[in-house]
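As a plain string of letters, each chain reads:
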Amino acid sequence: MTHLAKHGNFGEAITGISTQFFVKGRPVPQGSLKFINGHAIHMRAQDLALWRADISNTAQFVGVEKALESVEVHLTFTLKKPKSVNRKEPHIRPDIDKLIRAVLDGLTGVAYDDDGQVVKITAVKEYGETEGVLIRVIDKVKLSRSLLTAESVIDEHFNRYGD
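In this report, we go over the structure that sits alongside the text. (Residues numbered from 1 in each chain as written. Predicted model: local features only at pLDDT ≥ 70, side-chain atom pairs only at ≥ 80, totals over all residues. Heavy atoms only, no water.)

1. Regarding the nonpolar core
By size, the foremost hydrophobic cluster in this structure holds 27 residues, and its most contacted members are Val103, Leu107 and Ile135. Mapped onto this core, the elements with two or more residues apiece are strand 2 (18-24), helix 1 (45-61), strand 5 (71-79), helix 2 (96-107) and strand 7 (132-139). It is helix 2 that provides the largest number of residues to this core, a total of 6 residues. Filtering out sequence-adjacent residues up to four positions away, Ile135 remains in contact with Thr19, Gln20, Phe21, Val23, Ile55, His74, Leu75, Val103 and Leu107. (Core = buried A, V, L, I, M, F, W, Y, C linked by side-chain atoms within 4.5 Å. Buried < 20%, exposed > 50% of the residue type's maximum accessible area, 1.4 Å probe, protein only. Helix = DSSP H or I, 4+ residues; strand = E, 2+ residues; numbered from the N terminus. Contact = heavy atoms within 4.5 Å.)

Pasting the structure below:
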């Protein structure tokens, strides 16, 4: 089940440039294959499928628009800190690259057609009270168009009111 906790929607209602949302739940890494009788089996296949579905469903719910070209993805994974742990950062499993792969696959078909469209990614793994992932997707083409529009508005203003 998806639990939504919107952390903000920057520009989505007006421009569709960037969407930010939080998917609550324990992040599930994509990887950890085990070979049984010559067949590769994901050790947590059911958990992974549910996690990716939560990501996809939440992205659709908040209105992520599918990018036609390049995108940036920014991720902050929040894990619960075990009571017996003293370290400040979760520098242990799950591996951040495997967490990233699960999110990118969960966004496929919703935020973009193929995760090959992701040209920039940032990811952070931290401890916190509510487990999940904060996802921000930026449509680079729409961002570029918006910046060009803003630049022309500024130029027009200075041409009209300058000096």
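Next comes the rest of the account.
2. Digging into the layout of surface pockets
In this structure, the largest pocket occupies an estimated 220 Å³ of space. Of the residues in the lining of the largest pocket, the class split is 8 nonpolar, no polar and 6 charged. (1 Å grid on protein atoms, 1.4 Å probe; cavity = no way out; pocket = protein on both sides within 12 Å on 5 of 7 lines; lining within 4 Å. Points joined across faces, edges and corners; volume = space filled by probe spheres on them. Nonpolar A, V, L, I, M, F, W, Y, C, P; charged D, E, K, R; others polar.)

3. Some remarks on helix 2
Each full turn of the α-helix corresponds to 3.6 residues, which orients residues three or four apart in the same direction. With 12 residues, helix 2 extends 17 Å from end C-alpha to end C-alpha; this agrees with the ideal 16 Å at 1.5 Å per step. Residues of helix 2 that are buried in the fold lie against strand 2, helix 1, strand 5, strand 6 (118-127) and strand 7. Within two residues after helix 2, Gly109 carries a phi angle of roughly 90°, on the positive side. (Expected span 1.5 Å × (residues − 1).)

4. Structural notes on the environment of Glu131
Here Glu131 lies in the loop between strand 6 and strand 7. A sequence separation of 106 residues divides Glu131 from Gly25, and the C-alpha atoms of the two residues are 5.3 Å apart. If near-sequence neighbours (up to four positions away) are discounted, Glu131 is found in contact with Phe22, Val23, Lys24, Gly25, Arg26, Pro27, Thr78, Leu79 and Lys80. Of note is the side chain of Glu131, whose polar atom sits 3.1 Å from the backbone nitrogen of Lys80. (Polar contact = N/O pair within 3.5 Å; in protein donor to acceptor, adjacent residues only side chain to side chain.)

5. Considerations on the pattern of salt bridges
Considering all chains together, one arrives at 4 salt bridges under this definition. Linking Asp105 and Arg52 is a salt bridge whose minimum nitrogen-to-oxygen distance equals 3.7 Å. Separated by 53 residues along the polypeptide, Asp105 in helix 2 and Arg52 in helix 1 bring together distant segments of the chain. Asp113 serves as the salt-bridge partner of Lys66, at 3.0 Å between the closest nitrogen and oxygen. Of this pair, Lys66 sits in the loop between helix 1 and strand 5 while Asp113 sits in the loop between helix 2 and strand 6, placing them 47 residues apart in sequence. On the accessibility criterion, Lys66 (37% relative accessible area) is partly exposed. (Salt bridge = Lys/Arg side-chain N within 4 Å of Asp/Glu carboxyl O.)

6. A few points about the packing of helix 1 against helix 2
Direction vectors running N to C along helix 1 and helix 2 enclose 50°, while the axes themselves pass 8 Å from each other. In this view, helix 1 runs oblique relative to helix 2, as classed from their interaxial angle. The crossing of helix 1 and helix 2 is right-handed. Across the interface between the two elements, Leu48, Trp51, Arg52, Ile55, Ser56 and Ala59 from helix 1 touch Ala102, Val103, Asp105, Gly106 and Leu107 from helix 2. A per-class count over the contact of helix 1 with helix 2 returns 7 nonpolar, 2 polar and 2 charged. (Axes fitted to C-alpha atoms, helices over the stretch in contact; angles between N-to-C directions. Parallel < 35°, antiparallel > 145°, perpendicular 65-115°, else oblique. Left-handed = near helix turned anticlockwise from the far one by under 90°.)

7. Observations regarding unusual backbone geometry
Keep in mind that most residues, glycine aside, have a negative phi and that most peptide bonds are trans. Each neighbour pair has its own omega, and for Arg93 with Pro94 the value is 5°, a cis peptide bond. Inspection of the secondary structure puts Pro94 in the loop between strand 5 and helix 2.

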